[in-house]
Amino acid sequence: MSEFKTNVMRILEKNHIEYCAHEYPHGKEAVDGLTVAKLMNQDSEKVFKTLVTKGNSGDYYVFVLPVECELDLKKSARAVGEKSVEMIHVKDIMKVTGYVRGGCSPLGMKKQYKTTFHSTASDIDSIIVSAGKIGYQIELKPKDIIALTKGQVKDIVK
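The structure contained in this document is the topic of the report that follows.

What counts as what
Residues numbered from 1 in each chain as written. Predicted model: local features only at pLDDT ≥ 70, side-chain atom pairs only at ≥ 80, totals over all residues. Heavy atoms only, no water. Core = buried A, V, L, I, M, F, W, Y, C linked by side-chain atoms within 4.5 Å. Buried < 20%, exposed > 50% of the residue type's maximum accessible area, 1.4 Å probe, protein only. Helix = DSSP H or I, 4+ residues; strand = E, 2+ residues; numbered from the N terminus. Pairing = 2+ DSSP bridges. Axes fitted to C-alpha atoms, helices over the stretch in contact; angles between N-to-C directions. Arc of directions from axis to C-beta. Contact = heavy atoms within 4.5 Å. Polar contact = N/O pair within 3.5 Å; in protein donor to acceptor, adjacent residues only side chain to side chain.

1. Here we look at the nonpolar core
Argument step 1. By size, the foremost hydrophobic cluster in this structure holds 26 residues, and its most contacted members are Ile 138 and Ile 145.
Argument step 2. The set of elements that each furnish at least two residues to this core consists of α1 (7-14), β2 (48-55), β3 (60-66), α4 (93-97), β6 (127-133), β7 (136-140) and α5 (142-148).

The structure is reproduced here in structure tokens:
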């Protein structure tokens, strides 16, 4: 791993949170999470993707779930106390989060949105999420990232 650091890595270091950086080969375009897990030779159950939704109220919500799973919009809406939530458009990801598609991390967004991790995060020793840039991931203890994002843990997948 090179000495390259993302803002997410700097946030973790500033908060004295241990992490392991991972890098995978990439082009300019994002690849799906299962491909990322394969490129890093990691179990897909511990590699999590970050999805951003907009609620009926107009508020934004972040959901972090295993790459092999699909977000259940009804369960997700209930988890954040909304009547409904919908995925934001790809064109809005940068404006809302400050990240590009495929490099969206639950840490370091433009604003701290209510963040919900899928319940399986509590069952494993470490999870891997985007480090905020395509080609870079971070691995850390679920309790650390949940605490840092002021997140909650709920069943949010189909």
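More follows now that the structure is in view.
2. Regarding the sheet that holds strand β1 (residues 20-23)
Sheet strands associate in pairs through backbone hydrogen bonding, adopting either a parallel or an antiparallel arrangement.
Argument step 1. Strands sit in the order β1-β7-β6 across an open sheet of 3 strands; the sheet is antiparallel. The outermost strands of the open sheet, each flanked by one partner alone, are β1 and β6. On average, each strand axis in the sheet is tilted by 35° relative to the strand beside it, whichever way the strands run.
Argument step 2. Bridging between β6 and β7 involves 5 bridges; their strand directions are antiparallel. Bridging across to β7, Val 129 finds its partner in Ile 138.

3. A short note on helix α3 (residues 73-80)
Argument step 1. Among all positions in α3, only Ser 76, Ala 77, Ala 79 and Val 80 are buried. Down the axis of α3, the smallest arc covering the buried residues is 160°, so these residues share one side. Facing away from the buried side of α3 by over 90 degrees, the exposed positions are Lys 74 and Arg 78.
Argument step 2. In this structure, the buried residues of α3 make contact with β3, β4 (85-87), β5 (114-118) and β8 (152-154).
Argument step 3. The N-terminus of α3 is capped by Asp 72, whose side-chain oxygen sits 3.0 Å from the backbone nitrogen of Lys 74.
Argument step 4. Gly 81 sits one or two residues past α3 and shows a positive phi near 75°.

Remember that the coordinates give geometry; whether it matters functionally is a separate question.
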